[in-house]
Amino acid sequence: MSQRTNEVRESFLLAIASVATVDELEKLRVEYIGKKGLVTDLMKAMKDIPNEEKKSFGQAVNALKTEVEGLITEKREELKKKEIELENAAMPEFDVSTPADLKRGSYHPITLVQRQCEDIFRSMGFAVEDYSEIVTDYECFEALNIPKDHPARDMQDTYYLENGQLLKSHTSAAQNAIYKKYKDALINEGKPIKAIFPGRCFRNEATDACHENTFFQMEGVMVDKDISISNLIFFMKTMLSEVFRKDIKVRLRPGFFPFVEPGFELDISCLICGGEGCPSCKHSGWLELCPCGMIHPEVLKAGGIDPEEYTGFAFGLGLTRLAMMKYGVKDIRDLNSGSLKVLDQFTDDN
Ligand code: PHE
């Protein structure tokens, strides 16, 4: 009977040597050690073996079973490895050590200018705040001394949402929340409120070289005891001179905004035409860059601050316009175009 064991072993060794796939190997496994397999049959035959041969036969069959199982496991690993090698060979060659021949991305010019302004204001002790793009009518208008049906609402052709909220038409929409956030530290600890909050704004504008329906502003406020227009002028001049890396020409004109009193338009001389007049400055030589003024007492009150005790200034810097000035972009539409030809010319250091 151990003769039979040897035969089964020989035939198995022959068969496994020519197995080429995992499927074939599975068939072979069933053929030998499956329920009705050849090795299994040998085990079943134990009961017919004469007693004196039982021991050596049993040992031989068990050894065969162990050997068959071991060889099948070994073969399965080997076949899997081969399959992976074949798959890899079919893939295009990819050398991770090859330097990528890709152009590096660049920041959008508005991001660059925004970050620069943030750095400058941070260095002057201002907190940088973020605010949502969808705001309430209260935040955008009422808290800013612009009641419903006030004609000042016509200055900003606003996108209203069906739920009564709106896309913020100016960053001033965050003022109320900022006052409420910092008023306790102002009142109880005497810490002045100094914050800037850049953001994307939306207005239903007809687009041309200097108007877009989506643009960026950066609002700034400072509230404390005895804040005056000279504080406002100081911070604006310092910031603009830093951004343009030279002393820049500014002018203040009276301007009307219901949330400041007095209100101003801060203009800078057009850096594209040097003041000669061009489409970007509507041929005036000046660019309206930053409306500003002293925060209206009603606005402070709405923010929980007593206007008898505290005063402050606010400004709404046109970040998009500032980026155009700084980088000499003649058409505002280039900034939103997504055109890499335009956008990848800007770097951190220019
Ligand atoms: N929010 C005003 C606008 O976008 C600008 C502004 C801000 C004016 C702060 C005065 C003070 O038109």
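What you see is a predicted model, and the numbers here were worked out from it, not measured in a lab. Residue numbering note: each chain is counted from 1, following its sequence as written. Predicted model: local features are reported for residues with pLDDT of at least 70 only, side-chain atom pairs are reported and counted for 80 or more only, and whole-chain, interface and lining totals are derived from all residues. Each side-chain value is worked out from all heavy atoms of the structure, with water and hydrogens disregarded.

With that out of the way, let us pick up the packing of aromatic side chains. Only rings of Phe, Tyr and Trp enter the pairing, Trp through its six-membered ring, and a pair is recorded when the two centres are within 6.5 Å. The plane angle decides the type: under 30 degrees is stacked, over 60 is edge-to-face, the rest tilted. What the rule picks out here adds up to 9 aromatic pairs. Ring geometry for Phe121 versus Phe126: centroids 5.0 Å apart, planes at 75°, classification edge-to-face. For the pair Phe121 and Phe126, a shared accessibility class is recorded, and that class is buried. Measuring from centroid to centroid gives 5.5 Å for Phe121 and Phe315, while their planes differ by 25°, and the two rings are stacked. Of the two residues, Phe121 is situated in helix α5 (residues 109-123) and Phe315 in strand β9 (residues 311-318); the sequence distance between them amounts to 194 residues. Three or more aromatic residues joined by ring pairs make a cluster, and in this case those are Phe121, Phe126, Phe234, Phe235, Phe313 and Phe315. Think of it as a cone above the ring: NZ of Lys or CZ of Arg counts as a charge over the ring if it is within 6 Å of the ring centre and within 35 degrees of the ring normal. The aromatic ring of Tyr107 is capped on one face by Arg115, whose charged end is 4.4 Å from the ring centroid. Residue exposure (1.4 Å probe, protein chains only): buried if accessible area is under 20% of the type maximum, exposed if over 50%, otherwise partly exposed. Strands here are runs of E lasting at least two residues and helices are runs of H or I lasting at least four, both read from the DSSP assignment and numbered beginning at the N terminus.

Domain boundaries shown here were taken from an automatic or database domain assignment. Under the domain assignment, the chain is made up of domain 1 (2-90) and domain 2 (109-343). Domain 1 and domain 2 are separated by 82 Å when their C-alpha centres are compared.

For patch building, the residue pool is restricted to those with more than 30% relative accessible area and no salt bridge; the joining distance is 9 Å between like charges and 5 Å between nonpolar side chains (Val, Leu, Ile, Met, Phe, Trp, Tyr). Surface accessibility in these figures is a Shrake-Rupley result with a 1.4 Å probe; residues are shielded only by whichever protein chains are displayed. Think of a salt bridge as a Lys or Arg side-chain nitrogen and an Asp or Glu carboxyl oxygen that are within 4 Å of each other. Under the convention used here, Asp and Glu are negative, Lys and Arg are positive, and both His and the chain ends fall outside the count. For this purpose, a charge sits on NZ of Lys, CZ of Arg, CG of Asp or CD of Glu. Taken together, the side chains of Lys35, Lys36, Lys44 and Lys47 make up a positively charged region of the molecular surface. Here Lys36 is to be found in the loop between α2 (22-33) and α3 (38-44). Given the relative accessible area of 75%, Lys36 is considered exposed.

With that settled, the discussion passes to the sheet that holds strand β7 (residues 260-269). Taken together, 7 strands build an open sheet; the order of strands is β1-β4-β5-β9-β8-β7-β6 and the sheet is mixed. Two strands close off the open sheet at either side, each with one partner strand: β1 (127-128) and β6 (250-254). Being paired, for any two strands, means DSSP has found at least two bridges between them. Looking at chain direction, strand β8 (residues 286-295) and β9 are connected through 3 bridges and run antiparallel. Opposite Gly293, over in β9, you have Ala314 as the bridge partner. A contact between two residues is defined here by any heavy atoms of the two lying within 4.5 Å. Every axis corresponds to a line fitted to the C-alpha atoms, with the helix fit spanning only the stretch in contact, and the corresponding angles, defined between N-to-C directions, vary from 0 to 180 degrees. With respect to the sheet, helix α7 (residues 175-189) is in contact with β1, β4 (193-202), β5 (214-224), β8 and β9, its orientation differing from that of β4 by roughly 165°. Contacts between helix α8 (residues 229-244) and the sheet are confined to β4, β5, β6, β7, β8 and β9, with β9 contributing the most and set at about 30° to the helix.

All right, on to the site of the ligand then. Here a residue is near a molecule or strand as soon as one of its heavy atoms is found within 4 Å of it. Contacts to the ligand come from 14 residues, most closely from His170, Ser172, Arg203, Gln217 and Gly316. Take Arg203: an N or O atom from its side chain is 2.9 Å from an oxygen atom of the ligand. Between Gln217 and the ligand, the recorded distance is 2.9 Å, taken from a side-chain N or O atom to an oxygen atom. Protein contact buries 95% of the 320 Å² of open area that the ligand shows by itself. Listed by contribution, the elements that provide at least two residues to the shell around the ligand are β5, β8 and β9. The dominant element in the shell around the ligand, judged by the number of residues it contributes, is β9, at 3 residues. Amino acids outside the nonpolar list (Ala, Val, Leu, Ile, Met, Phe, Trp, Tyr, Cys, Pro) and the charged list (Asp, Glu, Lys, Arg) are all regarded as polar, and Gly is one of them. Across the shell around the ligand, the residue classes tally to 7 nonpolar, 5 polar and 2 charged. By the criterion applied in these results, polar contacts are pairs of N or O atoms within 3.5 Å in which, for protein atoms, one can donate a hydrogen and the other can accept it, and in which residues neighboring in sequence qualify only through two side-chain atoms.

Another point: a negative patch on the surface. A surface patch of negative charge is lined by Asp23, Glu24, Glu83 and Glu87. For the negative patch, the elements supplying multiple residues, two or more each, are α2 and α4 (51-90). For Glu87, the location among the structural elements is in helix α4. Taking the relative accessible area as the measure of exposure, Glu87 reaches 57% and is therefore exposed.

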